[in-house]
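Okay, here's what each chain looks like letter by letter:
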Amino acid sequence: MVATSTDPVERLEAALGVGRPAPSKRMLIIVNPYATTVSDRLKNLVVYALRGSYQVDAIDTEARDHATELCREAAREGYDVVVAFGGDGTVNEAANGLAGSDTPLSCLPGGRTNVYCRMLGIPIDVVDATEHLLQIADDWRPRRVDLGHVNERHFVFSAGVGLDASVVERVDAHPRLKARLGEWYYTWTGIQTFNRRYLLRPPRLEVDLGEHERLPGVTAIVQNAAPYTFFGDRPVDMGEGATLDSGDLAGVVLQRASPIDIPTIIWRALSRSARLSRHRQVRAFSELSSLRVRSADDRSLPLQVDGDYIGEVDEAVFGVTPGGILVVS
């Protein structure tokens, strides 16, 4: 039986970890203070806990793309890891700042869906995720995974042109409803957006897959990993074949959007057994290193990356960088 000290000073030192080797790994936490589940109190508790195993600095983002600038600076300063504490949009900005560097990215769940956290095997409960990061400090295994890109923007798991980007645009405009209703608000907004913009004369696009193969449509979804997203705990699969380290792209083209098609498309996307790629109005592609999406009717096309709306484009050129980013999870 191990004797327990009765000296209150020694007991306090043991509880606080005094006398243990000082943490050697430097961690920068990029915090999105406006993310769904992030608060000052939670941030302070997480930072306090992680200081048991890391030298931690934490910075709040102040504007769009601020996380990208902070991560570029962190890579130059030689941090051992950068943790994106927010939703997938924060992760995307962080990845754009760390792409091609030797500084690994990790994440803490602060959004509603936290797709990339799940892909990396990080728990989506913030307490469990914090404990997970504490545990890997002694089992440090950074690895390289693929990074997609469209025009000048990187994405970590998916991007879309057309209907899904239009839905993201409208959802992002109402962050409180997005936080409160989550996937149900996406569903309702999707129905509204379809009725208003895609029921009659939807924007048309053409997807150039190379080798003289072109697909007409109204929406293109491109993935460098799977799944496309989650509906609650259920993964939503669109493209088939691409994984975080497969070195290629996969996706689907929705060739027509009509009131007849949309219900069966949604059913297939959410089904545990039916495949979206077998829908009569969906054409799937896989094992591509690049593709190009153009407007087919002189109307600009909405574009989203990792669930964040980034604007309208006339053309979207997609590619993939195998092993483009270092992650640790």
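The structure we're discussing is the one just above.
So, here's what we can say about the structure. (Residues numbered from 1 in each chain as written. Predicted model: local features only at pLDDT ≥ 70, side-chain atom pairs only at ≥ 80, totals over all residues. Heavy atoms only, no water.)

**Some points on helix α7 (residues 163-172)**
And then number 1: When you tally the buried positions in α7, you get seven out of ten residues, the bulk of the element.
And then number 2: Within α7, the full set of buried residues consists of L163, D164, A165, S166, V167, V168 and V171. (Buried < 20%, exposed > 50% of the residue type's maximum accessible area, 1.4 Å probe, protein only. Helix = DSSP H or I, 4+ residues; strand = E, 2+ residues; numbered from the N terminus.)

**Concerning the pairing of strand β17 (residues 308-313)**
Two faces, one strand: in a regular strand the side chains alternate between the faces of the sheet.
And then number 1: Taken together, the five bridges between strand β16 (residues 301-305) and β17 define a ladder with antiparallel strand orientation. Counterpart to L301 in the pairing with β17 is V313.
And then number 2: The antiparallel hairpin formed by β16 and β17 contains two residues in its connecting segment, where D306 sits at a positive phi of about 50°. (Pairing = 2+ DSSP bridges.)

**Some thoughts on the packing of aromatic side chains**
And then number 1: Following the criterion strictly, the structure yields two aromatic pairs and no others.
And then number 2: When the ring centre of Y79 is taken as reference, the NZ or CZ atom of R26 above it lies at 4.0 Å.
And then number 3: A cation over a ring is seen here: R118 above F230, with NZ or CZ 4.2 Å from the ring centre. (Phe/Tyr/Trp six-rings, centres within 6.5 Å; stacked < 30°, edge-to-face > 60°. Lys NZ or Arg CZ within 6 Å of the ring centre and 35° of its normal.)

**What to know about the nonpolar core**
And then number 1: Judged by nonpolar contacts, the single largest core of 50 residues is most densely connected at I29, L50, L105, Y116 and I325.
And then number 2: Sequence-distant contacts of L50, defined by excluding residues within four places in its chain, comprise M27, I29, V56, L108, T130, L133 and L134.
And then number 3: Core analysis: the next-biggest nonpolar cluster, separate from the first, contains 23 residues, A220, L249, V253 and L291 among them. (Core = buried A, V, L, I, M, F, W, Y, C linked by side-chain atoms within 4.5 Å. Contact = heavy atoms within 4.5 Å.)

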